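An overview of the molecular structure
Listed below are the residues making up each chain.
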Amino acid sequence: MSMKTGIVGLPNVGKSTLFNAITNSHVLAENYPFATIKPNEGIVTVPDERLEYLSSLYKPNKTTFATFTFYDIAGLVKGASKGEGLGNQFLAAIRECDAICEVVRCFENENIVHVEGSVDPKRDIETIDLELAMADLETVNNRIGKQEIKARVAKDKQAIYEMPILTALKEVLEQGIPGRRAKGLNEEQFAYARKNLFLLTLKPILYVANVSDDGYADVENNKYFKVVEEIAKQEGTIAIPVSCEIECEISQLPKEERKDFLDSLGAKESGLDRLVKASYSLLDLATFFTTGKDECRAWTFKKGMRAPECAGIIHTDFEKGFIRAEVTSYEDLHALGSEEAVKESGKLRLEGKDYVMQDGDICYFRFNV
């Protein structure tokens, strides 16, 4: 299951440096606007201590982590919704993503140009909100033009259902406010809008506050980070403080040296690991495992999926001919220490077609085609 998160922000806030660190690649990262012309794609592994334990237990020939795709998207400027700068490319690239990771500059540096001339996270976030909202407003107005006639004249049920949703969205978008902040809509209506209207400001979002190297150890007292954190709380999401420069340095270290470097910073895990995990969670994703001598592997699924659908992620034949799933929870295997102990304790379960998969399930699928 492939999911994509787009890294967005104003020019020169650290998007490409962050992308370099995430993917340990070397895309163009220069001190001028539009250094990134085309979206750069990077596939990264999702850190998972559970898979590491399973690998140590089974000692397989191969260990395969779940993966996640990040896109580094060209910097946005005012007027992007009207095609200014690289606006059309920027908006088109976001439309292809499942979620948005917005990088916000939270450090002072006179040697790095800011397109607005000063550091102001709230203003920067509002700039992007406005451009995405204006693009969505055009979409909503076009939809209203079609559905209003269907609802009024033809009494079309779908159009009648949509009109209050479209009206509520239009009200906030006209103010330059993201659609996700629309008032008066319940979760069912938001879910319908996300599935059917394809609006940019309804995509899940998280914020990366790019702080200075010096301020990384004392981020809680960073006035700029506090602004971003408060905005994130208002939107029901999270803000992750990251020093993109430090993370880029960490990503270039041998794996065995990274822990020592993090220890010297007083950090349990890198900001990038937290970002990857947060992005994974943002899209309501979870992990099930398959194990054995040949391979231990983590598989990504959407929470709420049933066992046959998850079997189909491995191979379509598994879903078509699904018989049952033999399931052990990771917690039980970790606590008991072996498959044999799990079976003896009665913790191995046989689940049918209606079983809703849980994060951490270890599965063996039986099927017949």
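Observations regarding the nonpolar core
For soluble globular proteins, nonpolar side chains are generally found buried alongside one another. By size, the foremost hydrophobic cluster in this structure holds 71 residues, and its most contacted members are Leu18, Phe68, Phe70, Tyr207 and Leu275. The residues touching Phe70, leaving out its near neighbours within four places in the chain, are Thr5, Ile7, Phe19, Ile22, Asn40, Glu41, Gly42, Val44, Leu275, Val276 and Ser279. The next biggest cluster of nonpolar side chains, apart from the first, holds 21 residues, and it includes Ile144, Ile165, Leu169 and Ala193.

Things to note about the environment of Gly337
Checked against the element boundaries, Gly337 lands in the loop between α13 (330-336) and α14 (339-344). With relative accessibility at 28%, the residue Gly337 sits in the partly exposed group. The spacing of Gly337 and Leu54 is 283 residues in sequence and 9.9 Å in space, taken between C-alpha atoms. Residues in contact with Gly337, not counting those within four places in the same chain, are Tyr53 and Leu57.

Considering a negative patch on the surface
Taken together, Asp213, Asp214, Glu245 and Glu249 make up a surface patch of like negative charges. Relative to the helices and strands, Asp214 resides in the loop between β6 (205-210) and α7 (223-234). By relative accessible area, which is 76% here, Asp214 ends up exposed.

A look at the sheet that holds strand β7 (residues 239-242)
Through backbone hydrogen bonds, the strands of a sheet pair up, either in parallel or in antiparallel fashion. Across the sheet, which stays open at both edges, the six strands sit in the order β2-β4-β1-β5-β6-β7 with mixed pairing between neighbours. Edge positions in the sheet fall to β2 (40-45) and β7, since each of these pairs with one other strand and no more. Averaged over all pairs of adjacent strands, the angle between their axes in this sheet comes to 25°, without regard to strand direction. Bridge count for β6 against β7 is four bridges, and the pairing is parallel. Looking at β7, one finds that Tyr207 is bridged to Ala239. Running over the sheet, helix α4 (residues 121-154) touches β5 (99-105) and β6 and is turned about 145° from β5.

So, unusual backbone geometry
For Lys59, which is not glycine, the phi torsion reads 50° and is therefore positive. Judged by its relative accessible area of 61%, Lys59 falls in the exposed class. Of note in this structure, Asp284 is not a glycine but carries a positive phi near 60°. Checked against the element boundaries, Asp284 lands in the loop between α10 (271-282) and β8 (285-290).

Re the side chain of Asp124
Inspection of the secondary structure puts Asp124 in helix α4. A polar contact of 3.1 Å, which involves the side chain of Asp124, links it to the side chain of Arg123.

Here's the deal with the packing of α4 against helix α5 (residues 157-173)
How two helices pack is summed up by the angle between their axes together with the distance between the axes. With their axes 9 Å apart at the nearest point, α4 and α5 run at an angle of 150° to one another. In this view, α4 runs roughly antiparallel relative to α5, as classed from their interaxial angle. Where α4 crosses over α5, the handedness of that crossing is left-handed. Residue-level inspection shows Ala133, Met134, Asp136, Leu137, Val140, Asn141, Arg143, Ile144, Gln147, Glu148, Lys150 and Ala151 of α4 in contact with α5, the latter providing Gln158, Ala159, Ile160, Glu162, Met163, Leu166, Leu169, Lys170 and Leu173.

Some thoughts on the packing of aromatic side chains
All chains considered together, the criterion is met by nine aromatic pairs. On the basis of an interplanar angle of 80° and a centroid distance of 5.1 Å, the ring pair of Tyr161 and Tyr192 is categorised as edge-to-face. Placement of the pair is Tyr161 in helix α5 and Tyr192 in helix α6 (residues 187-196), with a sequence separation of 31 residues. The class for Tyr161 is partly exposed, based on a relative accessible area of 30%. Using a relative accessible area of 17% as the deciding quantity, one classes Tyr192 as buried. Taken together, Phe288, Trp299, Phe301, Phe322 and Phe365 form an aromatic cluster joined through their ring pairs. Taking NZ or CZ as reference, Arg105 lies 4.6 Å from the ring centre of Phe107, over its face. The aromatic ring of Trp299 is capped on one face by Arg297, whose charged end is 3.9 Å from the ring centroid.

Rules used in this analysis
- Residues numbered from 1 in each chain as written.
- Predicted model: local features only at pLDDT ≥ 70, side-chain atom pairs only at ≥ 80, totals over all residues.
- Heavy atoms only, no water.
- Core = buried A, V, L, I, M, F, W, Y, C linked by side-chain atoms within 4.5 Å.
- Buried < 20%, exposed > 50% of the residue type's maximum accessible area, 1.4 Å probe, protein only.
- Contact = heavy atoms within 4.5 Å.
- Helix = DSSP H or I, 4+ residues; strand = E, 2+ residues; numbered from the N terminus.
- Patch = residues over 30% accessible without salt bridge, like charges linked within 9 Å, V, L, I, M, F, W, Y side chains within 5 Å.
- Areas by Shrake-Rupley, 256 points an atom, 1.4 Å probe, with all protein chains shown as cover.
- Salt bridge = Lys/Arg side-chain N within 4 Å of Asp/Glu carboxyl O.
- Lys, Arg positive; Asp, Glu negative; His and termini not counted.
- Charge placed at Lys NZ, Arg CZ, Asp CG, Glu CD.
- Pairing = 2+ DSSP bridges.
- Axes fitted to C-alpha atoms, helices over the stretch in contact; angles between N-to-C directions.
- Polar contact = N/O pair within 3.5 Å; in protein donor to acceptor, adjacent residues only side chain to side chain.
- Parallel < 35°, antiparallel > 145°, perpendicular 65-115°, else oblique.
- Left-handed = near helix turned anticlockwise from the far one by under 90°.
- Phe/Tyr/Trp six-rings, centres within 6.5 Å; stacked < 30°, edge-to-face > 60°.
- Lys NZ or Arg CZ within 6 Å of the ring centre and 35° of its normal.

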